[in-house]
Amino acid sequence: MPKNIDILEERRSSISQGGRNLDCEKGSVAGAVSQRACVYSGARVVLNPITDAFHLVHGPIGCASYTWDIRGSLTAGSELYRQSFSTDLLERDVVFGGVDKLKAGIKEIVKVYNPPVIFIYATCVVGVIGDDVEAVARAAEKEYGIRVIVLKAPGFAGNKSLGYRLAGEALMELIAPKFNGQKVKGLNILGDYNLAGEMWIVKNYFQEIGLDVIASFTGDSTCADLMKAPTASLNVVQCAGSMTYLAMKMESEFGIPWIKASFFGLEDTAKALRDTTDLIGTEEERKRAEALIKRESQKTLAAIKPYLPGLKGKKAAIYVGGGFKAISLIRQFNALGLDTVMVGAQNGRKEEYEVMASLVSSDTVILDDANPSELEAFMREKGADILVGGVKERPLAFKLGVAFCDHNHERQAPLAGFLGVTNFTKEINLTINSPVWAHVRNAVGALN
Ligand code: SF4
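Criteria and thresholds
Residues numbered from 1 in each chain as written. Predicted model: local features only at pLDDT ≥ 70, side-chain atom pairs only at ≥ 80, totals over all residues. Near = placed C-beta within 6 Å. Nonpolar A, V, L, I, M, F, W, Y, C, P; charged D, E, K, R; others polar. Pairing = 2+ DSSP bridges. Helix = DSSP H or I, 4+ residues; strand = E, 2+ residues; numbered from the N terminus. Axes fitted to C-alpha atoms, helices over the stretch in contact; angles between N-to-C directions. Contact = placed C-beta atoms within 7 Å. Domains from an automatic or database assignment. Buried ≥ 20, exposed ≤ 12 C-beta atoms within 10 Å, placed from the backbone. Right-handed = clockwise from strand over helix to strand, strands pointing away.

## Section: the site of the ligand
Consideration 1: All residues adjacent to the ligand are Cys 38, Tyr 40, Ser 41, Gly 59, Cys 63, Thr 123, Cys 124, Pro 154 and Gly 155.
Consideration 2: For the shell around the ligand, the residue count by class is 5 nonpolar, 4 polar and no charged.

Here's what the structure looks like:
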């Protein structure tokens, strides 16, 4: 445990230098102000990018604010997913029940949009008052002939990980009934949400190699695409945190094997393409994969070379949702010549923290389920030059006068694939070497 940092006693076992035997995969400590999101938001993150699905939030209007506009999932087709619907429960509904509003909401969506599927999210208040949301959904399916799938996702029931699991169950409800046992050669990509168009980059690689992508969960997908997913011969899981449950269910229900694959960084992207073609590709497709990797690696190394001197020896802090992504980021920083001085995840697994520990130096701080106060303290202690995180970490970096890179909802340029390595390097260089941070630090006295 690093010295001179004021940490809640119950949090000490979730923070270490060296990262061995880190306490993780458990509920947040009450009062610790975790950076984790709630159950509902975990479920919504996974399902929202389905471009022709409808999302009806049964709860107070505040829950519905979690919509597409804070997540940059792009679409090549329908824009319907940009709508968000809420039953807007008020005090009166808490007393008398919100079922009538839910029925009216479904009726209106069907009338105006005729959607293939409506996902209903029952949030905290409904978890307390106990509306029979399932009964409403079954009646609506019968009356309107569409799929209505319920996610009982009150935020207080757990954390984002439970939301991922509920989304996995909802997706199985959507795709399983149509499966007739037929199989084709091709893969599904799980856990890529097409942020800044990243799914398209990855799909293009497989297209060049000659492998069909049957369905993408859930970036730029449609309900009809997803229903073809059970026919695939391999599931390639990019965001392991959100999609491992679904991958396991698809393996047991449809016999689809799965692998973890990261498309962040040169090393991991090359490995992901090789692992996939090794499993389902022909000799010819493996050759095409190698040619693609060689060509794109050379191009990328040439593109990032001018930026390397400005990055060498800088100190990086990482705080992201899943441990698998944190590992890819450490590898990218190692390749770029930066030292990772702090790394953590909202929902990392024991084996992921072990891998992180093997990639960083022995005094790097590793933390699970951190809070802003801990992140601030360790970034100060370690003198971090940059924080890589998401929307909740951004204000912290800015207030401390530390450079920031969004590797989550709001990224503007794609950071996946070979192109992503170039974009990431440019972005890191631009922000870390900006003179603005010195002015901020002087102004607020932070990190001094
Ligand atoms: S914690 Fe509850 S009230 Fe808050 S957004 Fe999540 S579901 Fe809604």
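Next comes the rest of the description.
## Concerning the sheet that holds strand β12 (residues 365-368)
Consideration 1: Across the sheet, 6 strands lie side by side as β1-β12-β11-β10-β13-β14; this open sheet has mixed pairing. Strand pairing shows two members of the sheet lacking a second neighbour, β1 (15-17) and β14 (403-406), which therefore form its edges. If you compare each strand with its neighbour and ignore which way they point, the axes differ by 15 degrees on average.
Consideration 2: Note: strand β11 (residues 339-345) against β12, 4 bridges, orientation parallel. When the sheet's bridge partners are listed, Met 342 is paired in β12 with Val 365.
Consideration 3: Along the sheet, helix α14 (residues 323-336) makes contact with β10 (315-320), β11 and β13 (386-389), crossing β10 at roughly 165 degrees.
Consideration 4: Contacts between helix α18 (residues 417-432) and the sheet are confined to β13 and β14, with β14 contributing the most and set at about 155 degrees to the helix.

## Quick word on the domain arrangement of the protein chain
Consideration 1: For the protein chain, the assigned domains read domain 1 (9-30 + 312-411), domain 2 (39-178) and domain 3 (187-302).
Consideration 2: Inter-centroid distance (C-alpha atoms) of domain 2 to domain 3 is 28 Å.
Consideration 3: The partner domain 3 presents 22 residues to the 26 residues of domain 2 that form the contact.
Consideration 4: Taken together, the elements giving at least two residues each to the side of domain 2 that touches domain 3 come down to α1 (39-47) and α7 (160-175).
Consideration 5: For the side of domain 2 that touches domain 3, the element with the highest residue contribution is α7, accounting for 7 residues.
Consideration 6: Classifying every residue of the side of domain 2 that touches domain 3 by side-chain character gives 16 nonpolar, 7 polar and 3 charged.

## Some details on the pairing of strand β8 (residues 234-237)
Consideration 1: The side-chain alternation of β8 yields two buried faces, one formed by Leu 234 and Val 236 and the other by Asn 235 and Val 237.
Consideration 2: Note that strand β6 (residues 187-192) and β8 share 4 bridges and pair parallel. Paired with Ile 189 across the strands is Val 236, a residue of β8.
Consideration 3: Note that β8 and strand β9 (residues 258-260) share 3 bridges and pair parallel. Residue pairing across strands places Asn 235 opposite Trp 258, the latter belonging to β9.
Consideration 4: At this point the chain moves from β8, through helix α10 (residues 240-254), to the parallel β9, and the crossover so formed is right-handed.

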